[in-house]
Amino acid sequence: MSFRYLGLAAEGEDFTKSITSPEGSRGLEHRYLQERHLFGFFSNGFSAFESYFYGMFAIGALIRPPDFPLATPKDQQNVSPGSTERAYLRSFPGDPLLSAFAATFADAAYREWREVRNVLTHRTAPGRTIFVSIGSDDDLPPLWKINNIPLDAATAATRKGHAARMLSRLLDATALFVEARFK
């Protein structure tokens, strides 16, 4: 999980440097680099969540192996955020950890991470809506054609902050869960 978070941070910084540079809006090479950084940013970001939930499934397997099968490659491939939540709901109903899971899944920022990563991984590199202002120095940033995300200096930093907030909430709840069971 930590490597994925570091990956999102590095790709986010590289994207921000590219989009804010004077050359950032010029030429196909700069556009390609920005798209590559965005792909790495969102892929690593959502992978940090998937890694967290895989780790939680493994913790469940230590406590209740029959409820959290991990013995075969197929078992391991079947682990997902959703399957982890379902296994915890069955095995640990009412545990406060489930509130952290639910809050994460309900968070608009988490849903954006999932959607953008899935579009980039399985479908396409989206286009951009580019604005031109006449008689004004206030140019609007281009909008990415996934959820009309503004592509500017705040794009990565804002989302990195959301990821940190959600992962911190999950890790805090995990610490309480683990401390209660591994004394």
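Cut-off values and rules
- Residues numbered from 1 in each chain as written.
- Predicted model: local features only at pLDDT ≥ 70, side-chain atom pairs only at ≥ 80, totals over all residues.
- Heavy atoms only, no water.
- Helix = DSSP H or I, 4+ residues; strand = E, 2+ residues; numbered from the N terminus.
- Buried < 20%, exposed > 50% of the residue type's maximum accessible area, 1.4 Å probe, protein only.
- Contact = heavy atoms within 4.5 Å.
- Lys, Arg positive; Asp, Glu negative; His and termini not counted.
- Charge placed at Lys NZ, Arg CZ, Asp CG, Glu CD.
- Axes fitted to C-alpha atoms, helices over the stretch in contact; angles between N-to-C directions.
- Parallel < 35°, antiparallel > 145°, perpendicular 65-115°, else oblique.
- Left-handed = near helix turned anticlockwise from the far one by under 90°.
- Expected span 1.5 Å × (residues − 1).
- pLDDT = per-residue confidence, 0-100.
- Phe/Tyr/Trp six-rings, centres within 6.5 Å; stacked < 30°, edge-to-face > 60°.

**With respect to the overall build of the protein**
Move 1: Across its full length, the protein holds seven helices and three strands.
Move 2: Traced from its N-terminal end to its C-terminal end, the protein shows the element sequence α-α-α-α-α-α-β-β-β-α.
Move 3: Counting all 183 residues of the protein, 39% fall into the buried class.
Move 4: Taking the intrachain contacts of the protein between residues at least 6 apart in sequence as the baseline, contacts between residues at least 24 apart amount to 68%.
Move 5: Side chains of the protein carry 21 positive and 20 negative charges; the gap between the two charge centres is 7 Å.

**A word on the packing of helix α2 (residues 27-63) against helix α5 (residues 96-106)**
Move 1: At a minimum axis separation of 13 Å, α2 and α5 run at an interaxial angle of 155°. Between α2 and α5, the angle is such that the two are roughly antiparallel. Crossing angle aside, the handedness with which α2 passes α5 is left-handed. Judged by residue contacts, Phe 49, Tyr 52, Phe 53 and Met 56 of α2 engage Leu 97, Phe 101, Thr 104 and Phe 105 from α5.

**Overview of helix α1 (residues 2-20)**
Move 1: Look at α1: 27 Å from first C-alpha to last across 19 residues, which is about the 27 Å you get at 1.5 Å a residue.
Move 2: Among the residues making up α1, those that are buried are Gly 7, Leu 8, Ala 9, Gly 12, Phe 15, Ser 18 and Ile 19.

**As for the environment of Ala 164**
Move 1: The residue Ala 164 is located in helix α7 (residues 154-181) in this model.
Move 2: For the pair Ala 164 and Gly 45, spaced 119 residues apart in sequence, the C-alpha separation works out to 9.8 Å.

**Thoughts on the confidence of the model for the protein**
Move 1: Averaged over the protein, the pLDDT score is 91; the fraction of residues at 70 or greater is 93%.
Move 2: Of all helices and strands in the protein, the one with the weakest mean pLDDT is strand β1 (residues 128-129) (65), whereas α5 scores best (98).

**Here's the deal with the packing of α2 against α7**
Move 1: For the pair α2 and α7, interaxial distance at closest approach is 11 Å and the crossing angle is 5°. Judged by the angle between their axes, α2 and α7 are roughly parallel. Across the interface between the two elements, Phe 41, Phe 42, Ala 48, Phe 49, Tyr 52, Phe 53, Met 56, Ile 59 and Ile 63 of α2 pack against Ala 156, Arg 159, Lys 160, Ala 163, Met 166, Leu 167, Leu 170, Leu 171, Thr 174, Phe 177, Val 178 and Arg 181 of α7.

**Here's the deal with the packing of aromatic side chains**
The relation between two aromatic rings is expressed through the spacing of the ring centres and the mutual angle of the planes.
Move 1: A complete count under the given rule lists 18 aromatic pairs for this structure.
Move 2: Taking the centre distance of 5.1 Å and the plane angle of 85° together, the rings of Phe 41 and Phe 42 count as edge-to-face.
Move 3: Residue classification places Phe 41 among the buried positions, given a relative accessible area of 2%.
Move 4: Centroid distance Phe 41 to Trp 113: 5.0 Å. Interplanar angle 35°. Geometry classified as tilted.

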